[in-house]
Amino acid sequence: MTADFFDTSDVLPAREIIAEGAMLLRRFARPIQHDLLDAIACLSAQAPFRRMFTPGGYRMSVAMTNCGSLGWITDRTGYRYDAIDPDSGRPWPEMPPIFRELAGQAAAQTGFAGFRPEACLVNRYEPGTRLSLHQDRDESNYDAPIVSVSLGLPAIFLWGGLKRADKTVRYRLEHGDVVVWGGPSRLVFHGIAPLADGEHALLGRQRINLTFRQAR
Ligand code: SIN
Ligand code: FE2
């Protein structure tokens with residue numbers, strides 16, 4: 001795979017600015033959509049999607065799994081990264097090289113060279129499920145950005161500010177879109193509005209999101 005494999009500059013603007021340090025690369029992941037879906041099928045066969053519990057005792061509507069040397073988990077004791085899948089007692093599946101390449105290239109295109117995520121959280125949304133406003137703050141430092149890849153049904157991404165009560169702006173994220181946020185935007189509150197029903201040509205009635213993070 002070469003750098004210009006992901007180049008969409010002849011069709012679409014290379015990046016749309018959301019805020020300082022936050023950018024949207026529309027359709028960036030589309031050229032490798034089939035490889036991504038194959039890899040997701042393979043990793044979720046080893047570490048199945050599951051609905052985790054929050055420390056407050058609520059069960060999340062979004063189903064999650066991970067790949068990489070660390071995975072993000074939540075249970076009644078808190079949120080954290082762990083090298084072991086608590087459901088199987090085994091390490092999370094390895095991060096597929098194509099995931100690494102995609103995340104690295106998206107980060108590099110938005111000004112964050114050298115992004116090397118250890119963790120890829122895989123979120124599965126079915127119609128009606130949502131992810132409430134939150135900050136990604138379980139990483140040991142906030143120097144690296146977050147790279148987030150959308151696949152399947154479109155979703156409304158809520159982009160807020162550094163305070164939970166700040167007003168949110170809505171972005172429609174479609175299949176293949178990639179959002180990168182770091183620097184002054186690294187701790188911005190964000191979430192996903194309840195997923196509208198629909199049928200995606202490749203994924204059916206679901207949306208899958210890959211969230212790449214450098215956790216330590
Ligand atoms: C997340 O914030 O972890 C996921 C965002 C998304 O699903 O696009
Ligand atoms: Fe997040």
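All of these numbers come straight from a predicted model, not from anything done at the bench.

Draft legend 1. Spatial organisation of the overall build of the chain. Scanning the chain for helices and strands turns up two helices and 13 strands. For a compact globule of 216 residues, the expected C-alpha radius of gyration is about 17 Å, and the chain comes in at 16 Å, within 12% of that figure. By principal-axis analysis of the C-alpha atoms, the chain measures approximately 45 × 40 × 35 Å. Across the 216 residues that make up the chain, the buried fraction comes to 53%. Taking the contacts inside the chain whose residues are at least 6 apart along the sequence as the reference set, 73% of them involve residues at least 24 apart. When the accessible surface of the chain is split by element, carbon and sulfur atoms take 51% of a total near 10,000 Å². Positive and negative side-chain charges of the chain, numbering 25 and 24 respectively, have mean locations separated by a distance of 7 Å.

Draft legend 2. Examining the nonpolar core more closely. Core analysis: the largest hydrophobic core is formed by 34 residues, its most contacted members being Phe-99, Val-147, Val-178, Leu-210 and Phe-212. Mapped onto this core, the elements with two or more residues apiece are β2 (22-25), α1 (33-46), β3 (63-68), α2 (97-109), β6 (119-125), β8 (146-152), β11 (178-181) and β13 (207-213). Counting residues per element, this core draws most heavily on α2, at six residues. Leave out the neighbours within four places in its chain, and Val-178 touches Met-23, Leu-24, Leu-25, Phe-28, Ala-29, Ala-106, Val-147, Ser-148 and Val-149.

Draft legend 3. Region of interest: the site of ligand 1. Lining the immediate environment of ligand 1, one finds Asn-123, Tyr-125, Leu-131, His-134, Ser-148, His-190, Ile-192, Arg-207, Asn-209, Thr-211 and Arg-213. Contact distances for ligand 1 include 2.8 Å between an oxygen atom and a side-chain N or O atom of Arg-207. For ligand 1, an oxygen atom lies 3.2 Å from a polar atom in the side chain of Asn-209. Taking 260 Å² as the accessible area of ligand 1 by itself, protein coverage stands at 99%. Listing elements by their share of the shell around ligand 1, those giving two or more residues are β6, β7 (131-134), β12 (190-192) and β13. Per-class residue counts for the shell around ligand 1 are three nonpolar, six polar and two charged.

Draft legend 4. Here's a closer look at the sheet that holds β3. Across the sheet, which stays open at both edges, the seven strands sit in the order β1-β2-β11-β8-β13-β6-β3 with antiparallel pairing between neighbours. Looking along the sheet, the strands with just one partner apiece sit at the ends: β1 (16-19) and β3. With strand direction ignored, the average angle separating the axes of adjacent strands in the sheet is 20°. Bridge count for β6 against β13 is seven bridges, and the pairing is antiparallel. Each residue of the ladder has a partner; that of Leu-121, found in β13, is Thr-211. This element, α2, spans β2, β3, β6, β8, β11 and β13 of the sheet and lies at about 120° to β8.

Draft legend 5. Structural view of the packing of aromatic side chains. Enumeration over the complete set of coordinates arrives at five aromatic pairs. Seen in terms of ring centroids, Phe-157 and Trp-181 are 5.7 Å apart; in terms of plane orientation they differ by 40°. Their pairing is tilted. Taken together, the residues span a long stretch of sequence, with Phe-157 in strand β9 (residues 155-159) and Trp-181 in strand β11 at a distance of 24 residues. Here Trp-181 falls in the buried class, since its relative accessible area comes to 2%. Geometrically, the ring pair formed by Trp-159 and Trp-181 is edge-to-face, given 5.9 Å between the ring centres and 75° between the ring planes.

Draft legend 6. How the structure looks around the side chain of Asp-136. Relative to the elements of secondary structure, Asp-136 occurs in the loop between β7 and β8. At 3.1 Å, the side chain of Asp-136 and the side chain of His-134 are in polar contact. In this view, Asp-136 contacts Tyr-142, Ile-146, Trp-181, Arg-186, Leu-187, His-190, Thr-211 and Arg-213; residues no more than four positions away in its chain are not counted.

Draft legend 7. Geometry of the coordination of the iron ion (ligand 2). Taken together, His-134 (NE2), Asp-136 (OD) and His-190 (NE2) make up the protein donors of the iron ion (ligand 2), found 2.1 to 2.2 Å from the metal. Considering all four donor atoms around the iron ion (ligand 2), the spread of angles at the metal, 89 to 175°, places the coordination shape in the irregular class. Relative accessible area serves as the criterion here: at 22%, His-134 is assigned to the partly exposed category.

Draft legend 8. Examining α2 more closely. Compared with an ideal rise of 1.5 Å per residue, which puts 13 residues at 18 Å, α2 spans 18 Å between its outermost C-alpha atoms and is within 8% of the ideal. Of the residues making up α2, those classed as buried are Ile-98, Phe-99, Leu-102, Ala-103, Gly-104, Gln-105, Ala-106 and Ala-107. A positive phi of about 95° marks Gly-111, the residue just after α2.

Cut-offs used in this document
Residues numbered from 1 in each chain as written. Chains lettered and ligands numbered in written order. Predicted model: local features only at pLDDT ≥ 70, side-chain atom pairs only at ≥ 80, totals over all residues. Heavy atoms only, no water. Helix = DSSP H or I, 4+ residues; strand = E, 2+ residues; numbered from the N terminus. Rg over C-alpha atoms; globule rule 2.2 N^0.38 Å. Buried < 20%, exposed > 50% of the residue type's maximum accessible area, 1.4 Å probe, protein only. Contact = heavy atoms within 4.5 Å. Areas by Shrake-Rupley, 256 points an atom, 1.4 Å probe, with all protein chains shown as cover. Lys, Arg positive; Asp, Glu negative; His and termini not counted. Charge placed at Lys NZ, Arg CZ, Asp CG, Glu CD. Core = buried A, V, L, I, M, F, W, Y, C linked by side-chain atoms within 4.5 Å. Near = heavy atom within 4 Å. Polar contact = N/O pair within 3.5 Å; in protein donor to acceptor, adjacent residues only side chain to side chain. Nonpolar A, V, L, I, M, F, W, Y, C, P; charged D, E, K, R; others polar. Pairing = 2+ DSSP bridges. Axes fitted to C-alpha atoms, helices over the stretch in contact; angles between N-to-C directions. Phe/Tyr/Trp six-rings, centres within 6.5 Å; stacked < 30°, edge-to-face > 60°. Donors = N, O, S within 2.8 Å, 3.2 Å for Na, K, Ca; no water. Tetrahedral: all angles 85-135°; square planar, octahedral: opposite > 155°, others 65-115°. Expected span 1.5 Å × (residues − 1).

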